[in-house]
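# Coordinate analysis (summary)
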Amino acid sequence: MEAIWILLLLFVLIMLTGVYAAVRTIRAAKRGIDRTVHQARRTVEDTRLRARQLAQPGAVGELAQLQLSLRGSMRATSQALQAAAPQDRSLSESLGLFRRLSAHAKDLEADLKRLEQEPDKSRIAALLPDLRQRTERITHSADSLRWAVQERTTRMAHDDLDSLGREIEMEAGALRHWTAAEPDEPGADAGAAWPEPGAGSSRTAPGAGARTSPEAGARSGPGAGAWPAPEAGQRPEPPQPSLGARPPTEPPAWQKPWQKSPRPENTA
């Protein structure tokens, strides 16, 4: 029994979902049809006004021109606001102002349409200056609002692009971090500190004449070639002859007189 109730409940839910989806689809189709019909009607009216403007010069043609100017300005401003409103929440007040301006534009368009059926041309000519002034004020307000929205959108795009460019430059610098951390070449300092072989005596290492070690000063002083003094309790060792030293000419004290080497005779 419970399974039957569950199946019945599922069937009811499926039916309700289908009905809801069908209603939404019908409404969307109706909105699309209404939009298409409205655009077609507007295109037909614009074509009729352009034809009247060209075919009937004078007051009637000027009425048609005023209607075309009013429609074009209001339509362009509406499209600009609708395109920028989802991206910029601060345009809510601008949308409210445009709705109020649209009400005045509709009243003016209704007056212009009524004058189209007026048979008295003189009355049309008398009312035409006031209608022209109202049209200019409404179109000027609509154009100002549209231009401000366009400039704001362009400015925001430039600011966003500048910010994006700075972030990309920072990221590029971070990706090239190895260029700032590369060590110097190993032979660069050595080549700068010591002169090359065969160079003149004027090229010396930096700081060679300014800094002198204590050991070098001690060796360059008097007695630099002498042996160091022996410590206490040790016998001094005899000095070793150097490689370039000359042998002594006088015989030592322990050598006997008859052991002296004979003097060479004079060959002269």
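Residues numbered from 1 in each chain as written. Predicted model: local features only at pLDDT ≥ 70, side-chain atom pairs only at ≥ 80, totals over all residues. Heavy atoms only, no water.

The subject of this paragraph is the overall build of the chain. Secondary structure summary: the chain contains six helices and zero strands in total. Secondary structure elements of the chain, listed N to C terminal, follow the sequence α-α-α-α-α-α. Burial statistics for the chain: of 268 residues in total, 17% are counted as buried. A sequence separation of at least 24 residues applies to 67% of the contacts in the chain between residues at least 6 apart. (Helix = DSSP H or I, 4+ residues; strand = E, 2+ residues; numbered from the N terminus. Buried < 20%, exposed > 50% of the residue type's maximum accessible area, 1.4 Å probe, protein only. Contact = heavy atoms within 4.5 Å.)

Turning to the packing of helix α1 (residues 2-55) against helix α2 (residues 59-84), a few remarks are in order. Here α1 crosses α2 at 145°, and the two axes come no closer than 8 Å. For α1 against α2, the interelement crossing comes out left-handed. On α2, the residues that touch R42, E45, D46, L49, R50, R52 and Q53 of α1 are V60, G61, A64, Q65, Q67, L68, R71 and R75. Here the residues of the contact of α1 with α2 are counted per class, giving four nonpolar, four polar and seven charged. (Axes fitted to C-alpha atoms, helices over the stretch in contact; angles between N-to-C directions. Left-handed = near helix turned anticlockwise from the far one by under 90°. Nonpolar A, V, L, I, M, F, W, Y, C, P; charged D, E, K, R; others polar.)

Moving on: the side chain of T135. Along the polypeptide, T135 turns up in helix α4 (residues 121-175). With sequence-adjacent residues up to four places away left out, T135 is seen in contact with L66, L70 and L108.

Before going further, it helps to spend a moment on the nonpolar core. Membership of the largest hydrophobic core comes to 21 residues, with the highest contact counts inside it found for L63, L70, M74, L108, L112, L131 and I138. Sorting the residues of this core by element identifies α2, α3 (92-116) and α4 as the ones contributing at least two each. Ignoring anything within four residues of it in the chain, the contact list for I138 reads L70, M74, L101, H104, A105 and L108. (Core = buried A, V, L, I, M, F, W, Y, C linked by side-chain atoms within 4.5 Å.)

All right, on to the environment of T139 then. When you line up the elements, T139 lands in helix α4. Overall, T139 belongs to the buried group, its relative accessible area being 10%. The sequence separation of T139 and S73 amounts to 66 residues, and the corresponding C-alpha distance is 5.8 Å. With sequence-adjacent residues up to four places away left out, T139 is seen in contact with S69, L70 and S73.

This part is about the confidence of the model for the chain. With 66% of its residues at a pLDDT of at least 70, the chain reaches an overall mean of 74. Looking at the elements of the chain, mean pLDDT is at its lowest for helix α6 (residues 214-220), recorded as 45, and at its highest for α4, recorded as 91. Low pLDDT, under 50, characterises residues 188-227; the stretch is placed with eight contacts to residues that sit more than four places away or in other chains. (pLDDT = per-residue confidence, 0-100.)

Close contact between α2 and α3 brings their axes to 10 Å; oriented N to C, the two are set at 160°. When the axes of α2 and α3 are compared, the pair comes out roughly antiparallel. The interaxial crossing formed by α2 with α3 has left-handed handedness. Residues L63, L66, Q67, L70, R71, M74, T77, S78 and L81 of α2 pack against S94, L95, F98, L101, S102, A105, L108, E109, L112, K113, L115 and E116 of α3. Here the residues of the contact of α2 with α3 are counted per class, giving 12 nonpolar, five polar and four charged. (Parallel < 35°, antiparallel > 145°, perpendicular 65-115°, else oblique.)

Taking 1.5 Å per residue, 25 residues should reach 36 Å; α3 reaches 36 Å between its end C-alpha atoms and fits that length. Along α3, the positions that sit buried rather than exposed are S94, F98, L101, S102, A105, L108, E109, D111, L112, L115 and E116. Check the buried side of α3 and you find it contacts α1, α2 and α4. (Expected span 1.5 Å × (residues − 1).)

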